[in-house]
Amino acid sequence: MNLASIPSPSTGVIELGPIPLRGYAFCIIIGVFVAVWFGNKRWIARGGKAGTVADIAVWAVPFGLVGGRLYHVITDYQLYFSEGENWVDAFKIWEGGLGIWGAIAFGAVGAWIGCRRRGIPLPAWADALAPGIAFAQAVGRWGNWFNQELYGKPTDLPWAVEISEGANRVAGTYHPTFLYESLWCIGVALLVIWADRRFTLGHGRAFALYVAAYCAGRAWIEYMRVDEAHHILGLRLNVWTAIIVFVLAVVYIVLSAKLRPGREEIVEPDRDTTPGKDADAKDAEETDAKKDPLSKDEPGKGRTAESTEAAAEKG
């Protein structure tokens, strides 16, 4: 019998008058704000402009949500398209079900579009966002607590989470894998911040470190979970995904460090500089030089005072 445990909410919805506030959605929203706020601070510290992170997040966040949901629905299609299931539930994102792998992949596409529109290198932006994303995941995982989902094996540890009887779940106390992952993500964020300061990471290596560190934790946490999942060679699909992505992230760090050492000196061009402006200014300067090769400061005025005095002395 447990002498202590973590109680689960009796409901995942908080009624604010006529407005239902769902705990899962609330955690996701708070996580997004944390990522943008912290990412903005890091972006400014690297020489970027205030507000740029939020502008690009306008592209990255919607893409990430769509990608996260698609990954979940595709890998757990039996929950929505099996006999007796309602396929409309696949659109009910507030009930839980976002795959981080799809969220990061599609979010990167959205971020690439936003960065391209601003003339910003995506790797630099990703480096600035990396620890903020980890903090956001730490917050977002508590949405699973509200929905009483994604818990681990039964346990009588004092920090076990209490799960009540419900659809596809049996009442009892289980490993709070949502809590394990939340704490792990905080550790990942702190690791990236430390490594970035210690080794001056650039060209996407801070982001790759976040990916590798997260995957290392996700692999063992995923192994503890008991919710239904597809298995390959005895391992859950997400365990294999974590292993593969971990290897790719490490390879990227090694190759990037050799090919592009150091960090980007300029992460964001001047907003006042428009395409063709520098070229126009150069053409104008060349035109002035043709009018008087000895004077660039006062086009059309003839020789400068210094050149006039030199000519007089020569004469």
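Residues numbered from 1 in each chain as written. Predicted model: local features only at pLDDT ≥ 70, side-chain atom pairs only at ≥ 80, totals over all residues. Heavy atoms only, no water.

Trainee: Quick rundown of the overall build of the protein chain? Include the residues and the values.
Mentor: Helix and strand content of the protein chain: 11 helices and six strands. For the protein chain, with 315 residues in total, the buried portion stands at 40%. Long-range contacts, defined as pairs at least 24 residues apart, comprise 70% of the intrachain contacts of the protein chain with a sequence gap of at least 6. Accessible surface for the protein chain amounts to roughly 18,100 Å². Of this, 65% is attributable to carbon and sulfur atoms. (Helix = DSSP H or I, 4+ residues; strand = E, 2+ residues; numbered from the N terminus. Buried < 20%, exposed > 50% of the residue type's maximum accessible area, 1.4 Å probe, protein only. Contact = heavy atoms within 4.5 Å. Areas by Shrake-Rupley, 256 points an atom, 1.4 Å probe, with all protein chains shown as cover.)

Trainee: Account for the packing of helix α1 (residues 23-45) against helix α2 (residues 52-75), naming residues and giving values.
Mentor: It is at 10 Å that the axes of α1 and α2 come closest, and there the two elements cross at 145 degrees. The way α1 lies across α2 gives a crossing that is right-handed. Contacts from Ile28, Val32, Val36, Gly39, Asn40 and Trp43 of α1 reach α2 at Thr52, Val53, Ala54, Ala57, Val61 and Leu65. A class-by-class count of the residues in the contact of α1 with α2 yields nine nonpolar, three polar and no charged. (Axes fitted to C-alpha atoms, helices over the stretch in contact; angles between N-to-C directions. Left-handed = near helix turned anticlockwise from the far one by under 90°. Nonpolar A, V, L, I, M, F, W, Y, C, P; charged D, E, K, R; others polar.)

Trainee: Tell me about the layout of surface pockets, and please be specific about residues and values.
Mentor: Considered as a void within the structure, the second largest pocket measures approximately 190 Å³ in volume. If you trace the second largest pocket, you find it lined by Phe38, Lys41, Arg42, Ala45, Arg46, Ile193, Asp196, Arg197 and Arg263. Put simply, the parts of the chain that give the lining of the second largest pocket at least two residues each are α1 and α7 (177-199). When residues of the lining of the second largest pocket are assigned to their parent elements, the largest contribution, four residues, is made by α1. A class-by-class count of the residues in the lining of the second largest pocket yields three nonpolar, no polar and six charged. (1 Å grid on protein atoms, 1.4 Å probe; cavity = no way out; pocket = protein on both sides within 12 Å on 5 of 7 lines; lining within 4 Å. Points joined across faces, edges and corners; volume = space filled by probe spheres on them.)

Trainee: Which residues make up α7, and what are the values?
Mentor: An ideal rise of 1.5 Å per residue puts 33 Å on 23 residues; α7 measures up with 32 Å between its terminal C-alpha atoms. Immediately beyond the C-terminal end of α7, within one or two residues, lies Thr200, with a positive phi of roughly 50 degrees. (Expected span 1.5 Å × (residues − 1).)

Trainee: Explain the nonpolar core to me, using residue names and the numbers behind them.
Mentor: Nonpolar side chains tend to gather and get buried jointly when the protein is soluble and globular. Trp43, Trp101, Trp125, Val192 and Tyr210 are the most contacted members of the largest nonpolar core, which has 39 residues in total. When residues of this core are traced back to their parent elements, those giving at least two are α1, α2, α4 (100-118), α5 (122-140), α7, α8 (205-224) and α9 (237-259). (Core = buried A, V, L, I, M, F, W, Y, C linked by side-chain atoms within 4.5 Å.)

Trainee: Please give an account of empty space enclosed by the protein that cites residues and values.
Mentor: Per the stated rule, a full pass over the model turns up one cavity of 30 Å³ or more. What the largest cavity holds in volume is close to 30 Å³. In terms of lining residues, the largest cavity is bounded by Ser8, Asn144, Trp145, Gln148, Glu149, Tyr151, Val161, Ile163 and Phe178. Among the elements of the structure, α6 (142-147) and β3 (161-163) are those that each provide at least two residues to the lining of the largest cavity. Per-class residue counts for the lining of the largest cavity are five nonpolar, three polar and one charged.

Trainee: Hey, could you go over the packing of aromatic side chains for me, with residue numbers and the actual values?
Mentor: The tally for this structure, following the rule as stated, stands at 12 aromatic pairs. Each member of the aromatic cluster is reached from another via a ring pair, and the members are Trp142, Trp145, Phe146 and Phe178. The ring of Tyr223 is capped by Lys153, whose NZ or CZ atom sits 5.3 Å from the centre of that ring. (Phe/Tyr/Trp six-rings, centres within 6.5 Å; stacked < 30°, edge-to-face > 60°. Lys NZ or Arg CZ within 6 Å of the ring centre and 35° of its normal.)

Trainee: Could you give an account of the packing of α2 against α4, naming the residues involved and the relevant values?
Mentor: Where α2 contacts α4, the two axes come as close as 6 Å, and the packing angle between them is 150 degrees. Relative to α4, α2 is oriented roughly antiparallel. Judged by the sense of rotation from one axis to the other, the crossing of α2 with α4 is right-handed. In terms of residue class, the contact of α2 with α4 is built from 13 nonpolar, eight polar and three charged. (Parallel < 35°, antiparallel > 145°, perpendicular 65-115°, else oblique.)

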